[in-house]
Amino acid sequence: MDNLVQEKIMHNIISTIEEKVDDELYKLDQLDGNSLEKLREKRLKEMKHEAQLRTDWLAKGHGEYTEIDEKDFFAACKKSTEIVIHFYKRDAPRCQIFDHHLKLIASKHLEARFLKINAENAPFLAGKLNIKVIPTLLIAVGGKTKDYIVGFSDLGNCDDFSTEVLEWRLGLSGVIKYEGDITQPVNKNDNKSKINRLTKKTIRENYSSDESD
C-alpha cells in the first residue's frame, strides 16, 4: 500500500476512534459507579476488537481500490468476506465514473474490499459469473454472489449520480455498513423517485441492462 494512502487511511481511522471515544466518555459521565465500570469494560473490549478488525482489513488490502487479474479472483474472495468487484472495459466512459466513486468509498468503508477486473482479459470468469453488461459491479458476501449493480439503472439512470447514491445502493446489498437511513435513497441529483423502488429489494434474482454488451 502506498505510504501516503496508508497515512491518510490511518488518519481517518484515528479521527473516527477519537470521535467515538469522546462520545463514549460523555455517556460514561452520566452513569454511577458500578454501571460506569461495567460499561467501560464492555466498550474497551469492543473498541479493541474494532481496532484489530481494521488492522486485519488493511493487511488484506482493504481501504484501496485495486485492480486484479482473473487468476487472483478466488484468492481475494477467500481472504475477504465482503467484496465489490467492478467488471470494466478500458474504452467504456461509464467505467471511469464507477472508478471515481469506488475509490472514494473504498477509503471510507474498510469493512469491504473494492476490486476491479478488466472483463476483456477475464472471459472465463465473466462468463462463469454471468457478467453480460459493462460496467457491472458484482457484490459477494461470505464467498457467495449476493447482488449485481448493472450499469447505472439502479442509480437514477444518469451519469452524474453522487458517491452517496452509490454508497446507499451498496449499503442496500449489505456489503458495507451504511450509516444513513437505508429506507431513504440519497437525493443528490433529484433522482430519488427513480431509485426509490429498490428500497425493499436487497437481492437481485434477475437483472436487465441499461447499456449494450
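Residues numbered from 1 in each chain as written. Predicted model: local features only at pLDDT ≥ 70, side-chain atom pairs only at ≥ 80, totals over all residues. Heavy atoms only, no water.

### Here's the deal with helix 6 (residues 163–173)
Most of helix 6 is tucked away, with ten of its eleven residues classed as buried. Every buried residue belonging to helix 6 is among Thr163, Val165, Leu166, Glu167, Trp168, Arg169, Leu170, Gly171, Leu172 and Ser173, and all of these are buried. A positive phi of about 90° marks Gly174, the residue just after helix 6. (Buried < 20%, exposed > 50% of the residue type's maximum accessible area, 1.4 Å probe, protein only. Helix = DSSP H or I, 4+ residues; strand = E, 2+ residues; numbered from the N terminus.)

### Looking at the sheet that holds strand 2 (residues 82–88)
A sheet is described by the order of its strands in space; here five strands give the open sequence 1-3-2-4-5, paired in mixed fashion. Unpaired on one side and paired on the other, strand 1 (65–67) and strand 5 (144–150) mark the two borders of the sheet. Across the sheet, the mean angle from the axis of one strand to that of its neighbour is 25°, orientation sign disregarded. With three bridges connecting them, strand 1 and strand 3 (residues 113–118) associate as parallel partners. Each bridged residue has a counterpart across the sheet, and for Glu67 the counterpart in strand 3 is Lys116. (Pairing = 2+ DSSP bridges. Axes fitted to C-alpha atoms, helices over the stretch in contact; angles between N-to-C directions.)

### A few points about the pattern of salt bridges
Taken as a whole, this structure holds six salt bridges when the rule is applied. A salt bridge links Lys71 to Asp72, with the shortest nitrogen-to-oxygen separation between them at 3.4 Å. Classification of Lys71 as exposed rests on a relative accessible area of 66%. Note that Asp99 and Lys116 form a salt bridge whose closest N and O atoms lie 3.1 Å from each other. With a gap of 17 residues between them, Asp99 in helix 4 (residues 93–108) and Lys116 in strand 3 connect regions that are remote in the sequence. With a relative accessible area of 18%, Asp99 lands in the buried category. (Salt bridge = Lys/Arg side-chain N within 4 Å of Asp/Glu carboxyl O.)

### Some details on the side chain of Glu111
In this structure, Glu111 sits in the loop between helix 4 and strand 3. One buried charged residue, Glu111, forms no salt bridge at all, with the nearest opposite charge on Lys177 at 6.3 Å. A polar side-chain atom of Glu111 sits 2.8 Å from a polar atom in the side chain of His109. Ignoring sequence-local partners within four residues, the contact set of Glu111 consists of Trp57, His62, Glu82, Val175, Ile176 and Lys177. (Lys, Arg positive; Asp, Glu negative; His and termini not counted. Polar contact = N/O pair within 3.5 Å; in protein donor to acceptor, adjacent residues only side chain to side chain. Contact = heavy atoms within 4.5 Å.)

### Focus on the pairing of strand 2
Counting buried residues along strand 2, six of its seven residues qualify, which places the element largely inside the surrounding structure. Looking at chain direction, strand 2 and strand 4 (residues 136–141) are connected through six bridges and run antiparallel. Bridge pairing links His86 to Leu137 in strand 4. Direction of pairing for strand 2 relative to strand 3: parallel, over a ladder of six bridges. Each bridged residue has a counterpart across the sheet, and for Tyr88 the counterpart in strand 3 is Asn118.

### Some thoughts on the environment of Asp99
Distance from Asp99 to His86, taken between C-alpha atoms, is 8.3 Å for residues 13 residues apart in sequence. Among residues more than four places away in sequence, those in contact with Asp99 are Tyr65, His86 and Lys116.

### Description of the packing of helix 4 against helix 6
Their axes nearest at 10 Å, the elements helix 4 and helix 6 cross at an angle of 65°. Where helix 4 crosses over helix 6, the handedness of that crossing is right-handed. Each of Phe98, His101, Leu102, Leu104, Ile105 and Lys108 in helix 4 lies in contact with helix 6, whose residues at this interface are Thr163, Leu166, Glu167 and Leu170. Split by residue class, the contact of helix 4 with helix 6 holds six nonpolar, two polar and two charged. (Left-handed = near helix turned anticlockwise from the far one by under 90°. Nonpolar A, V, L, I, M, F, W, Y, C, P; charged D, E, K, R; others polar.)

### A look at the pairing of strand 3
Here strand 3 lies mainly inside the structure; six of its six residues are buried. Taken together, strand 2, helix 4 and strand 3 form a β-α-β motif whose crossover is right-handed. (Right-handed = clockwise from strand over helix to strand, strands pointing away.)

### Remarks on the confidence of the model for the protein
Do not read the fine detail of predicted coordinates wherever pLDDT is low. On average, residues of the protein score 81 in pLDDT, and 74% of them are at 70 or above. Here residues 199–213 is a poorly scored stretch, pLDDT under 50, and it has 35 contacts once near neighbours within four places are set aside; other chains count. (pLDDT = per-residue confidence, 0-100.)

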